[in-house]
Structures are given as structure tokens and as C-alpha cells.
Amino acid sequence: MGEIEGTYRVLQTPGSRLGVQKTTGVSTLEPGQNLSTAMTSSPAKTHERDLPIKIQMLDNTVEVLDIESKNYGQTLLTEVYKHLNLIESDYFGIEFQNIQSYWIWLEPMKPVIKQVRRPKTTMLRLAVKFFPPDPGQLQEEYTRYLFALQIKRDLAEERLTCSDNTAALLVSHLLQSEIGDFDESEDREHLKTNQYLPNQERIEGKILEFHRKHVGQTPAESDFQVLEIARKLEMYGIRFHLASDREGTRINLAVSHMGVLVFQGNTKINTFNWSKVRKLSFKRKRFLIKLHPEGPYQDTLEFLLGSRDECKNFWKICVEYHTFFRLFDQPKPKAKAVFFTRGSSFRYSGRTQKQLVDYIKDSGMKKTPYERRHSKVRASTRASNTDMPKQSVPFTEGLRTPGSPASAAAPFHSVHSSSTPTPVLPIFAETSPSSLDPRTPYTRIPEKNTAAPAEEVGRKLMQQPGSPMLQGLPVDHPQLSSLMLKSPLGLNPVFQVNLNTAGQGSSPLLSPVLSDAGSAKIEEDDEMKRKRYPTDKAYFIAKEILATERTYLKDLEVITVWFRSAVIKENAMPEGLMTLLFSNIDPIYEFHRGFLKEIEQRLSLWEGKTNAHMKGDYQRIGDVMLRNMRTLKEFTSYLQKHDEVLTELEKATKRLKKLEMVYKEFELQKVCYLPLNTFLLKPIQRLMHYKLILGRLCKHYTAEHRDFADCRNALKEVTEMTSQLQHSLIRLENFQKLTELQHDLIGIDNLTAPGREFIREGCLYKLTKKGLQQRMFFLFSDMLLYTSKGVTGTNQFKIHGHLPLHGMLVEESENEWAVPHCFTIYSAQKTIVVAASTHLEMEKWMEDLNMAIEMAKKSTEKSDMLLENSVYNRSNRSSDEVSLEQESEDDIHSSRSSLDRQSHHRANTTMHVCWYRNTSVSMTDHSVAVENQLSGYLLRKFKNSNGWQKLWVVFTNFCLFFYKTHQDDYPLASLPLLGYAVSSPVEADGIQKDYVFKLQFKSHVYFFRAESKYTFERWMEVIKRATSSPARSSLLLPKDEKDSHTD
């Protein structure tokens, strides 16, 4: 690869692994220097202030600052921060445009004249450089005000792209901050003279409608709401750098607190988490990311930028972001080379976020007033630690950062030994009160008597959002879970809960959570949570809508983002099929993206601090549901085409070997955690979920409740859609199951024959000459197949026999054979004796077999002809004579499909779980499982562990899937629940917490803790219903019988 021009090795930090020796990075400072001494000792031959620098502030006013011609960038930064009396200065920087019109950050450790080509005529501007994932991490009200101005600038410059509704809501809060309570004529006049958005006249009505709801909201509260809404947007804090990948595809690179991001247009397609990155480097125009080796994937990725300067600029930004958010301390000086140097010596030279938060916490800084430019509302005179809007991250919320596995990266790290306190660095320049002009805009006005004593302020700051609350916990504390080896706590989006001014700062990952004195605080925290949040059942139902909608959107991305990328990369799908597939699912995906944002905003307002008489406006969800269900009706035509999409995709997969290979290889990826075609059914299944959840809301509300009418009308709308699609869904679910089995069974060609319906699959023991042998049985509407599991890398099942249902007879024969739970199957070809694992399993099989036989008698089609064409005649031997060893040898040579060349196969499909758990699943069970899906944050505890671990849990397809956060693209682990029993803990379990349920299979025991009584009951309900459902297949029942059956 040749000599690398610039490299940055991502060091072993607490973000990568806890318990190792702490390394804090590399700096270009001399040993013993800090920034202040470096600036004062910098050579300057003249002391004339001969260089006027024009700087545009965040409110668009322009200040002129005089500096010496050879001053370093840090001098200019210090002057600006002094001018503003800005305490949390490290979040900010000064940027300017180079000759190519790209925005460049001013470097502190280089002279200004060496960076800015024409400093006297160039307009520099103050901007937010580091965007934390949560505004609760900003300690100062003044800092939040400046962040809100940055959001305002990004909206005007079209950097922060969002839906019209979101843009209108943001502008309405900015209006509230600047001109106060709603007055229509004043609002319209103000919007005429102030351009917040391009073409804002188009949504002026929405802006006024939202502003009307903010009556009584203070400027500080408005700023906080702006940041709360903005941080949930995918483009929050994103600055694009144009690039292309190895194939020449145009992409955008960006960097955030969690890693390097890759966008295609405005859609994020990949995230490289800091914890996975080993080294960042660049050579000329090529930007290189070296990852830690993981499986068969390449460990070095290469991107091509427009020029060497652009490449180096992006590399520098990545270095700074990694250091600021991931390291504990300021980087240490880098020793100078004696003879020669290789590569760039650039390193981040400021304070890390951890140091900055500690500095604010420990210094007890006085919170002085400041002036708001443009604001007609009285200037704030309250301390930020008392005026800060109550920010809390709900139990099921987590910090909203752009989602991927990378969301595991912690913004900063606060888990370290209390015996080695972090040194507090001096602020760049302290400001004396006499040096400040109280008439200057942005200037804080010092007040000597308004602040609390330093100890009290420090104590209050410890209780604010963003304060690290785990200072007293050593790195090697036994309570730290295995997950923390990969992602430390601090304010990690996975684990932060309810950090607010009431004194909550604990993380549920640790149990007990220790305060500085070492006392357990979790009970107190639980009590505070109950007092703080809405307790109405409707609130928790709304949160369930939000949680399941997040999972649903991630499921759609498996098709719209991941699978699309896979087929485009290999050019494996015909253009016509591409159009058919994505033109049907893309509009649905885009609609639900907007819908999700609306739900998030409503829940944020429902939970947030608002005026008491206004709060009721947000404490409902029916209006949001009604509006979106009416819009969703327009997409019914797309949903009705899903039958055609599924059929054409299956046909093309059989016809085109390249597509078949891509399809099967994609199913082996972590992101495809269910069979691929399952995701195509999600849009119709989601309608069924809306119907069920709206039904619960209507049942909860009284007829007089103001949200009842909207919920009832929304239920009518969605019921109308589901009635049109019900039969289509039954047909699609059957077709999906048949195609899934087609991929997993060796020895049958045409399992998806017209008229064939899947009824039951499961494990039975077949009596052979060698005794009882484990077999996997599959019952369809026209035949019964039995198979054994091969020992090949594919984990597929090989068919050993097929029995047509026409003329079949089933009898219980436990007494005849002296085998428990035994029954005999008589068919025209042969007679077989099988045994189930339990009496209940035997009853299920016999009932479904007898029902299927009756249905086959009425059918005019005979399955014999079909079977002769579809099943291979692989051997003349009786299947009774085939031993397991012979089966394994046969399996090795039985199929040469592309999947056989894979090294592994999905092991959590119902087929494999039934095999290992000696149980069975019917089509009714699948239908009930579809209706009983759930998502949300739970605390998990193992039987012999003390700690509770907070995880995002998705229950679908009879399985719990565990994620660190709801933004992750693939699960960390899964737990198939077939065979598990769900119950409440008994006294012997020693669980003293509320809302805990227990899952047990033999000696495997797990405890899960929910946030509320409603959530606890919902998890118990869905798991019970999905894992202990009835025996008979819904496909063999009329619709009205099915409804009563599953209820």
C-alpha cells in the first residue's frame, strides 16, 4: 500500500475493553506543556495587533477581534470564548471556507495565517463542532441556547433535513423562544421578515398551529424542546463529505459520537463503530478504515474522496471525534522524532467530553445571566441547574442516535477507579468580571450573590443529566456485565435511565447501583421513576406502539436497505423484479419513517415538562393514529401486490442461480435474523397489530374520554383495511412457510405446489428395527413427510419418507407397543409407528392428522401424482433401514446447491428449535405468534448473577432477540422460547423487585424485569399465548371459528 500520509491508531480505551491499562491517546504538545503554556510560549517577533479577524456568531452577528499576525488558532478560540464567557467551550469550534468552498475547522495548534489564506477578508464563524447524542449532557442553559441557534442555522442551510411536520414543530419552538406566546398577526409578521426554512411559506399554517400549543413555555424550555426533537433526526449533527466506494458508487461520509457513518443520499447504509475500528489512515485521496478482524469480512475498507486535502480534513475530524467522545483524558504529548517523521502528527488538543463534564461538576461555576439576541422574552436570570427542563431518558427510550451496531459506542466514559481521580484541566482563559461589557450581546453578566455555594452547586450538578454517576465503581467491579467489556456505561444510550434533577443517576446494568457512599439506590430510583412518569395505561399502550414501530421500521430496512444493497452489488436481480419489489415496499417504508417520528415527538411531549393546563394536549395518541391510518389506506394497493412480489421473487430465485446464491448468502447475515421472505409479510401483519392495539385503547377509554373518538375512528379505518387483506395474509403466510421449508429440506423440488397448505411441523420418534429414532415430521394438507437432520454444514433436513393423506388412518397404539405417547399411522404405502414426547403432543398430532385426512377426502385433487413429480426417489431401501450414520454420509452427497457450500445455517428457525426441544408447531401457532409480537427495554438477570442488564428485547417468531439499543441493526443473541414456561418468581428465587417474570426450560432460568405493571402483564400475555397455543391449524377453520379459537 506504500507509505501512509496520515495514520491514527484507535487505542485500547475503556470504550474497547475495561480492566486494561488506560491509554489516553497522543498529542503534539511538548512534555509538561498544556494549552495555556503552549500559547504563551509560542514565538512572536512582534506584539502588534495587526490582524483583524471577522467572526460570525451563532445568531449571525459579526464581531471583529484583533490578534497578532502569528498567533495560533487557540488564541483566537480563547478570545471568542472570553468574549462570550462560554464555559462549555469544547463543544464549539471556528470554521471557515477554503478556496474550494469546503468548510474547514480552525486548528488550535497552527498559526491562523497558515490556515486562512486571506484572514483579513475571510469571514470565519462560530459553530457547534461536537454534537452529543443527548442535550441532557449539556450542563449549561447558555450552551443549550447556542446549540438551538446551531439547529436554526442547519435548518436554514438545509443541512438538517426532516419532514414538514418536524420542521414546523422545530420552527414553532424557535418562535416561542424568540417572540414568546402565540399571537397570529405578530407570528405572521415575524415569519415574513425571518427565514427559518427555504420555502417556509408552504408550511406556515403548521408552524402557527404548533406555536399555539406552546403558551407559557419559557425560552429555556423551548431551546430544550428544539434539541430534543433535533437529536432524534437522522441528520442531527451530520456534515457530509463527498466520496465514492471501491465500485465507484457515490456516497457521503460523516462522523458522529459513535463512529464513521456511510450515507447513500440522505439514507444511512453503514456505521463503523469506534469499538470495531483499529486504525484510521489516508493516502492521497484514499481514506482507509482498518477494522478488528471479524469472521469472513474484509478488515480494511477504502473510500475515495475528491482530493488529498478533503481526505486529510475528514481524517482529522474523525481523530478529533474519537478522542473527544471516547477517551477519558486529554491526549498525552507525542515525542518528537530525532531524525525524520513519517505521516501527519495531527492529534486532538482540547479537553475530552469526560473532562469537560467533570470540570463543570467539580468547579461549582456560578450560573450567570446572559442576553438572548433576537428574543423579545425577558433575558434569563435563573441558574441552569434549577431552570433546566426536566430531562429523562425513559426506561424504554434510550438515547436516540443513528442506529446500527455502532450505537453501542458510549459518548464518554465515567466508569473508573475512585482511587485515581481524573485531573481537572484549567480552562483556556478565565474571564475577570471587569473585562466584560454588560452591553455586549451574548455576554454573561456576573452576579456575586445569586449562586449557591460551590458545594451545593456541585451537588446539584451531580444530579443533572449528563453527570457521570459511577465514579465510585472500580473497573474490575464484579457487577460489571460482559456487555461492558465492549461498551462502557457513562451515558451510553443502552443503559442510561432517568437521569434528572431528582437525584437519579443509576444504571440498571449494575445491581446494586452504588452511590458515592456505597449504598444501594435502586429502590429509591424505582420510586422516583414511578412518581415522575405518567402512570395512565394509555401512556404505556402508546409506548408499546412506539417500541413495536421501531422494530417494524428496522424490519423494513432489511429489505429496503440491506437486501437492496446485496442484490445491487452483485447485479443479481432482473430490472423488472427490482422495480416490482422496491416500488411496492419503498413508499410504505417512507411513510412509516414519518409516522415513527410523529409518535416519538408525541411521546416526548407526553413525558416532557409542560404547563399543567397545556399538558393534556399531548397526553393522547388517537389523533396521531387516526391521521396516519387514513394516510395508510392510500397504500392498500401496494399491500395487495405483496402476493405477486413474493411469488415472482420465489420464481426468480429458482430460475436464476446468481440470485439464489445472493438470496441464501444474505439469509446467513446477522441482519437477516428471520427467513428473508418473512420481512415481506411485515407490512400486512403490522396492520393486524394496529387493529389489536387500538382495540385495547378503545377498551381502556371511557366513551366520554376526549381521545376515545379518534381511537375508535382509527380502529374503523384499520379494520376496513385488514378485512380486505385478511385472506391475502393467510395465503401469504402459508406460501412463506412453504418456501422457507423448501430451502431447508433436501429431497423435494416443488413444495409450493398450488393448493398445498402447511399444517404442523415437529419432532416425533419413529419405531425402526434399531429402536426409536428421532425424526422431524411435516404435515401438509395432502401429505406427511418425515426427515432426519444431517451433519453437514448446512443443517438441512433430508427427507426419508412421504405418505399421502388420501386413505390414511391414525390410531393410538400405546398399549400395543408398550411405548408411551405412541400412535400408528396407516397409509397405502406403509405403516409407521411414532411416539411423541408428551401426551399433549400426541393429542395435537392426532387431531391435526385426522382433520387433514378429512379435508383430503373432500378434495378432488389426489396428491399421489404430485408427490411422484416432486419427491426424489433417492433409494430403494426402506427408510427404516437407514441408520443415522448412513444418513449423514448420504447428506454429504445429496445436494450441491449454493447453500451447501456455506459454513453455517440459521439455527433458530422453528424447525431446528422443534428438533432440539422435542416439540411441534402448527400454522395456528404461527398465526398467534404473529399477533403476539412485542418490543421494548427489559432488565435481564441470569439465575446465578447479581446484576440486571438493560437490553432492547424483540419477541417475534417464538423467539426473544436481544439488542443493546433499539437502533442496532442486528441482535447480539437470541433465546427460542418453544418449550419454556413463563411465570412469576417464587420466594426461593430471591427476587425482591416488582414486575419480574421468570422463563424456565429445565435448568435454564432467566429473569426479566419490566418498567410498569402494564408492560409486565403484556410480556407475560404475549409469551404465554405464543408458546402455549392451541393444536388445530387455523387454515382448516372458517374465519369466525379462528377468531374465537385464538382469543
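Residue indices begin from 1 for each chain and proceed along its sequence in written order. Since the coordinates come from a predicted model, pLDDT governs what is reported: local features require at least 70, and pairs of side-chain atoms require 80 or more to be given and counted, while whole-chain, interface and lining totals use all residues. Processing note: side-chain calculations cover all non-hydrogen atoms of the structure and skip hydrogens and water entirely.

Peer 1: So, the overall build of the protein: which residues are in play, and what are the values?
Peer 2: Along the backbone of the protein there are 29 helices and 31 strands. Burial classification: accessible surface area is computed with a 1.4 Å probe over protein chains only, and a residue below 20% of its type maximum counts as buried, one above 50% as exposed, and the rest as partly exposed. A total of 1047 residues make up the protein; the buried ones form 61% of that total. The contact criterion used throughout is that any non-hydrogen atoms of two residues lie within 4.5 Å. Pairs at least 24 residues apart make up 70% of the contacts formed inside the protein by residues separated by at least 6 positions. Using the Shrake-Rupley algorithm and a 1.4 Å probe, accessible areas are obtained, with residue cover drawn only from the displayed protein chains. Counting every atom, the protein has about 41,700 Å² of accessible surface; 50% of that belongs to carbon and sulfur. Comment: elements are numbered from the N terminus, with helices defined as DSSP H or I runs of at least four residues and strands as E runs of at least two.

Peer 1: So what's going on with the sheet that holds strand 3 (residues 51-56)? Which residues, and what values?
Peer 2: Overall, mixed pairing links the 5 strands, which are arranged 4-3-7-5-6 in an open sheet. The open sheet has two free edges, formed respectively by strand 4 (62-67) and strand 6 (103-105), since each of these has just one partner strand. In this sheet, neighbouring strand axes are inclined to one another by 40° on average, regardless of whether the strands run parallel or antiparallel. Paired strands, as defined in this entry, are two strands with at least two bridges between them according to DSSP. Inspection of the sheet shows strand 5 (residues 92-97) paired to strand 6 by 3 bridges, in the antiparallel sense. For Gln 97, the partnering residue across the bridge sits in strand 6 and is Trp 103. Helix-sheet contacts for helix 3 (residues 141-156) involve strand 3, strand 5 and strand 7 (123-128), and the interaxial angle to strand 7 is about 115°. An axis is simply a line fitted to the C-alpha atoms; with a helix, the fit covers only the stretch in contact. Between two such axes, the angle follows the N-to-C directions and lies from 0 to 180 degrees.

Peer 1: I'd like to hear about the environment of Arg 630, residue by residue, with values.
Peer 2: Looking at the element boundaries, Arg 630 is found in helix 16 (residues 622-632). Each C-alpha atom, one on Arg 630 and one on Asn 713, is 9.6 Å from the other, the two residues being 83 residues apart in sequence.

Peer 1: How would you sum up the packing of helix 13 (residues 537-570) against helix 20 (residues 678-700)? Please name residues and give values.
Peer 2: The N-to-C vectors of helix 13 and helix 20 enclose an angle of 175°; their axes lie 11 Å apart at closest approach. Between helix 13 and helix 20, the interaxial angle falls into the category roughly antiparallel. Counting all contacts with helix 13, which are made through Lys 537, Ala 538, Ile 541, Glu 544, Ile 545, Thr 548, Glu 549, Tyr 552, Asp 555, Leu 556, Val 558 and Ile 559, the residues of helix 20 involved are Phe 679, Leu 680, Lys 682, Pro 683, Arg 686, Tyr 690, Ile 693, Arg 696, Leu 697 and His 700. Small angles under 35 degrees read as roughly parallel and large ones over 145 as roughly antiparallel, with 65 to 115 read as roughly perpendicular and the rest as oblique.

Peer 1: Mind laying out the nonpolar core, listing which residues take part and the relevant values?
Peer 2: With 93 residues, the main nonpolar core has Phe 92 and Phe 287 as its most contacted residues. Among the elements that line this core, the one with the most residues is helix 8 (residues 308-326), at 9 residues. Not counting chain neighbours up to four residues away, the residues in contact with Phe 287 comprise Leu 253, Leu 280, Ser 281, Phe 282, Leu 301, Glu 302, Phe 303, Leu 305, Cys 311, Phe 314, Trp 315 and Cys 318. Counting 81 residues, the second-largest nonpolar core is a separate cluster that includes Ala 542, Leu 639, Val 645 and Phe 666. For the purposes of this section, nonpolar cores are sets of buried Ala, Val, Leu, Ile, Met, Phe, Trp, Tyr and Cys residues that join through side-chain atoms within 4.5 Å.

Peer 1: Explain the pairing of strand 23 (residues 831-835) to me, using residue names and the numbers behind them.
Peer 2: Burial runs high along strand 23: 4 of the 5 residues are buried. Pairing analysis gives 2 bridges linking strand 17 (residues 758-768) to strand 23, with the strands arranged antiparallel. Considered in strand 23, the bridge of Tyr 765 is made with Ala 835. Examined bridge by bridge, strand 22 (residues 822-826) and strand 23 share 5 bridges and lie antiparallel to one another. Looking across to strand 23, one finds that Tyr 826 is bridged to Thr 831. Where strand 22 folds back onto strand 23 in an antiparallel hairpin, the turn is made up of 4 residues.

Peer 1: So what's going on with the pattern of salt bridges? Which residues, and what values?
Peer 2: We define a salt bridge as a contact between a side-chain nitrogen of Lys or Arg and a carboxyl oxygen of Asp or Glu at a distance within 4 Å. Applying the stated rule across the entire model yields 45 salt bridges. Here Asp 358 ties to Lys 354 by a salt bridge, and the two come within 2.3 Å at their closest N and O atoms. Separated by 4 residues within a single helix, Asp 358 and Lys 354 lie in helix 9 (residues 353-363), roughly one turn from each other. For Lys 354, a relative accessible area of 0% gives the class buried. Lys 998 is paired through a salt bridge with Asp 989; the nearest N and O atoms lie 3.1 Å apart. Its relative accessible area of 10% is what places Lys 998 among the buried residues. On the basis of relative accessibility, which here comes to 23%, the residue Asp 989 falls in the partly exposed class. Among the ionic contacts, a cluster of salt bridges with common partners joins Glu 544, Arg 696, Arg 1018 and Glu 1021.

Peer 1: Mind laying out helix 4 (residues 164-179), listing which residues take part and the relevant values?
Peer 2: Counted at 1.5 Å a residue, the expected span for helix 4 with its 16 residues is 22 Å, and the 22 Å between its end C-alpha atoms agrees. Counting buried residues in helix 4 gives 14 out of 16 residues, a clear majority hidden from the surface. Gly 180, located one to two residues past helix 4, shows a positive phi value of around 85°. Between the first and last residue of a helix there are one fewer steps than residues, each counted as 1.5 Å, and that sum is the expected span.

Peer 1: Tell me about the state of the cysteines, residues and numbers included.
Peer 2: Cysteine sulfur atoms that come within 2.5 Å of each other are treated as a disulfide pair. Across all of its chains, the model carries 0 disulfides by this definition. Between Cys 698, a free cysteine, and Cys 711, which holds the nearest cysteine sulfur, the sulfur-to-sulfur gap is 5.3 Å.

Peer 1: Describe the sheet that holds strand 26 (residues 949-956), naming the residues involved and giving the relevant values.
Peer 2: Sheet architecture is open: 7 strands sit in the order 28-27-26-25-31-30-29, paired in antiparallel fashion. Of all the strands in the sheet, just strand 28 (973-976) and strand 29 (981-983) have a single pairing partner and so form its edges. Adjacent strand axes in the sheet meet at a mean angle of 35° when their direction is disregarded. Alignment of strand 27 (residues 959-963) against strand 28, held across 4 bridges, turns out to be antiparallel. Each residue of the ladder has a partner; that of Leu 960, found in strand 28, is Leu 975. Against the sheet, helix 13 makes contact with strand 25 (934-942) and strand 26, and its axis sits at roughly 90° relative to strand 25, the strand it touches most.

Peer 1: So what about the confidence of the model for the protein? Which residues, and what values?
Peer 2: Averaged over every residue, the pLDDT of the protein is 74; residues scoring 70 or more account for 69%. The predictor attaches a confidence to each residue, called pLDDT, with possible values from 0 through 100. Scored below 50 in pLDDT, residues 12-28 shows 52 contacts in the model against residues more than four places distant or in partner chains. Counting contacts from residues 378-527, a segment whose pLDDT is below 50, to residues more than four positions away or on other chains yields 424 contacts.

Peer 1: Outline the environment of Ile 207, supporting the account with residue identities and numerical values.
Peer 2: Here Ile 207 shows up in helix 6 (residues 204-211). You can call Ile 207 buried: its relative accessible area is 0%. Once the C-alpha coordinates of Ile 207 and Thr 166 are considered, the two residues, 41 residues apart in sequence, prove to be 9.7 Å apart. Ignoring any residue separated from it by four or fewer positions in sequence, one finds Ile 207 in contact with Ala 168, Val 171, Ser 172, Leu 175, Leu 191 and Gln 200.

Peer 1: Which residues make up helix 18 (residues 642-655), and what values do they have?
Peer 2: In this model, helix 18 (14 residues) spans 20 Å end to end at C-alpha, consistent with the 20 Å of a helix rising 1.5 Å per residue. Those residues of helix 18 hidden inside the fold are in contact with helix 14 (575-607), helix 17 (636-640), helix 19 (657-667), helix 20 and helix 21 (708-744).

Peer 1: Break down the packing of helix 4 against helix 5 (residues 184-193) for me, citing the residues and quoting the values.
Peer 2: Here helix 4 crosses helix 5 at 105°, and the two axes come no closer than 12 Å. Comparing their axes, helix 5 and helix 4 come out roughly perpendicular. Two secondary-structure elements touch here, helix 4 through Val 171, Leu 175, Glu 178 and Ile 179 and helix 5 through Glu 186, Asp 187, His 190 and Leu 191. Amino acids are sorted into nonpolar (Ala, Val, Leu, Ile, Met, Phe, Trp, Tyr, Cys and Pro), charged (Asp, Glu, Lys and Arg) and polar (every other residue, Gly among them). For the contact of helix 4 with helix 5, the class distribution of residues is 4 nonpolar, 1 polar and 3 charged.

Peer 1: Quick rundown of the packing of aromatic side chains? Include the residues and the values.
Peer 2: Aromatic rings considered in pairs are described by the distance between their centres and by the relative angle of their planes. Note on aromatic pairs: the rings of Phe, Tyr and Trp (six-membered ring only in Trp) are paired at centre separations within 6.5 Å, and the planes decide the class, stacked below 30 degrees, edge-to-face beyond 60, tilted for the rest. Per the stated rule, a full pass over the model turns up 35 aromatic pairs. Taking 5.9 Å as the distance between ring centres and 80° as the angle between the ring planes, the aromatic pair formed by Tyr 91 and Phe 147 counts as edge-to-face. Of this pair, Tyr 91 sits in the loop between helix 2 (73-84) and strand 5 while Phe 147 sits in helix 3; the two residues are 56 residues apart in sequence, bridging distant segments of the chain. For the residue pair Tyr 91 and Phe 147, the accessibility class agrees, reading buried in each case. Here the aromatic rings of Tyr 539 and Trp 606 are separated by 5.7 Å at their centres, their planes lie at 65°, and the arrangement is edge-to-face. A residue pair is termed long-range when its members are at least 10 positions apart, and Tyr 539 in helix 13 and Trp 606 in helix 14 qualify at 67 residues. Since its relative accessible area comes to 1%, Tyr 539 is described here as buried. Relative accessible area serves as the criterion here: at 1%, Trp 606 is assigned to the buried category. Taken together, the aromatic side chains of Tyr 91, Phe 92, Phe 130, Phe 131, Phe 147, Tyr 236, Tyr 321, Phe 324 and Phe 325 make up a single cluster linked through ring pairs. Remark: a charge is flagged as sitting over a ring if the NZ atom of Lys or the CZ atom of Arg is within 6 Å of the ring centre and within 35 degrees of the ring normal. Between Arg 917 and the ring centre of Phe 1001, over which it is positioned, the NZ or CZ distance is 4.8 Å.

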